Amino acid sequence: SDIIDDDGTYIMWYTSTKKWEQVDGETVPLCEIKHATSTDGISWERTGDVCLSLREPAETRIACPSVRQTEDGYEMWYCYADGLAGYRVGYAISEDGLNWVRNDDVGGLNPSTEGWDSEMVAYPNIFTYNGETYLFYNGNGYGETGFGYTKLQ
């Protein structure tokens, strides 16, 4: 999950499993990303509103939101997967933090053609350091083979 302090209101985006399903003989969680708010960072109000849902019928998982606030609203990086395939990093934008438009082709991250991140890129985490924004992510085996980073524009 990711939390932002927006003028005294804490906003959190988190992964929520809506059900478990059999996919090619394996049990996988069908996940989506939801939203909650808090005034003190301890007690949270969850509306149940889904910010990012699965693309039917192939997508099985969408998880691990990493959000940053911009002048125009919010940007989110997350990971998603079809069936039992490895994760990809997706990207979405929102004006209000509730209604998101996915644009995975523009802001997402796909596995490399070979090497430690050739099967999966997962669990994105963005942060800014010395005025530059970076995205950290795990590679194959959910990070078993390493993690990497890229500088965002």
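The structure this text deals with has already been given above.
Residues numbered from 1 in each chain as written. Predicted model: local features only at pLDDT ≥ 70, side-chain atom pairs only at ≥ 80, totals over all residues. Heavy atoms only, no water.

Caption draft 1: Looking closely at the packing of aromatic side chains. The full count for this structure, using the stated rule, is 14 aromatic pairs. Members of the aromatic cluster, joined through ring pairs, are Phe 127, Tyr 134, Phe 136, Phe 147 and Tyr 149. For Arg 61, the ring lying beneath its charged end belongs to Tyr 87, and the centroid distance is 5.0 Å. Taking the ring centre of Tyr 80 as reference, the NZ or CZ of Arg 102 above it sits at 5.2 Å. (Phe/Tyr/Trp six-rings, centres within 6.5 Å; stacked < 30°, edge-to-face > 60°. Lys NZ or Arg CZ within 6 Å of the ring centre and 35° of its normal.)

Caption draft 2: Structural detail: the side chain of Ser 66. Relative to the helices and strands, Ser 66 is located in strand E5 (residues 59–70). The contacts of Ser 66, once residues within four sequence positions are left out, are Asp 2, Glu 75, Met 76, Trp 77, Pro 124, Asn 125 and Ile 126. (Helix = DSSP H or I, 4+ residues; strand = E, 2+ residues; numbered from the N terminus. Contact = heavy atoms within 4.5 Å.)

Caption draft 3: Representation of the sheet that holds strand E4 (residues 45–52) within the structure. Strand order in the open sheet formed by four strands is E1-E2-E3-E4, with antiparallel pairing between adjacent strands. Two strands in the sheet have a free side with no partner beyond their single neighbour: strand E1 (2–6) and E4. Between one strand axis and the next, the sheet turns through 35° on average, direction left out of account. Pairing geometry for strand E3 (residues 26–38) and E4, over four bridges, is antiparallel. Considered in E4, the bridge of Thr 37 is made with Glu 45. (Pairing = 2+ DSSP bridges. Axes fitted to C-alpha atoms, helices over the stretch in contact; angles between N-to-C directions.)

Caption draft 4: Focus on the environment of Met 76. Looking at the element boundaries, Met 76 is found in strand E6 (residues 73–82). Among the residues examined, Met 76 registers a relative accessible area of 0% and is labelled buried. The sequence separation of Met 76 and Gly 97 amounts to 21 residues, and the corresponding C-alpha distance is 9.3 Å. Excluding its chain neighbours within four sequence positions, the residues that come into contact with Met 76 are Trp 13, Ile 33, Leu 52, Pro 65, Ser 66, Val 67, Gly 90, Tyr 91, Ala 92 and Trp 100. (Buried < 20%, exposed > 50% of the residue type's maximum accessible area, 1.4 Å probe, protein only.)

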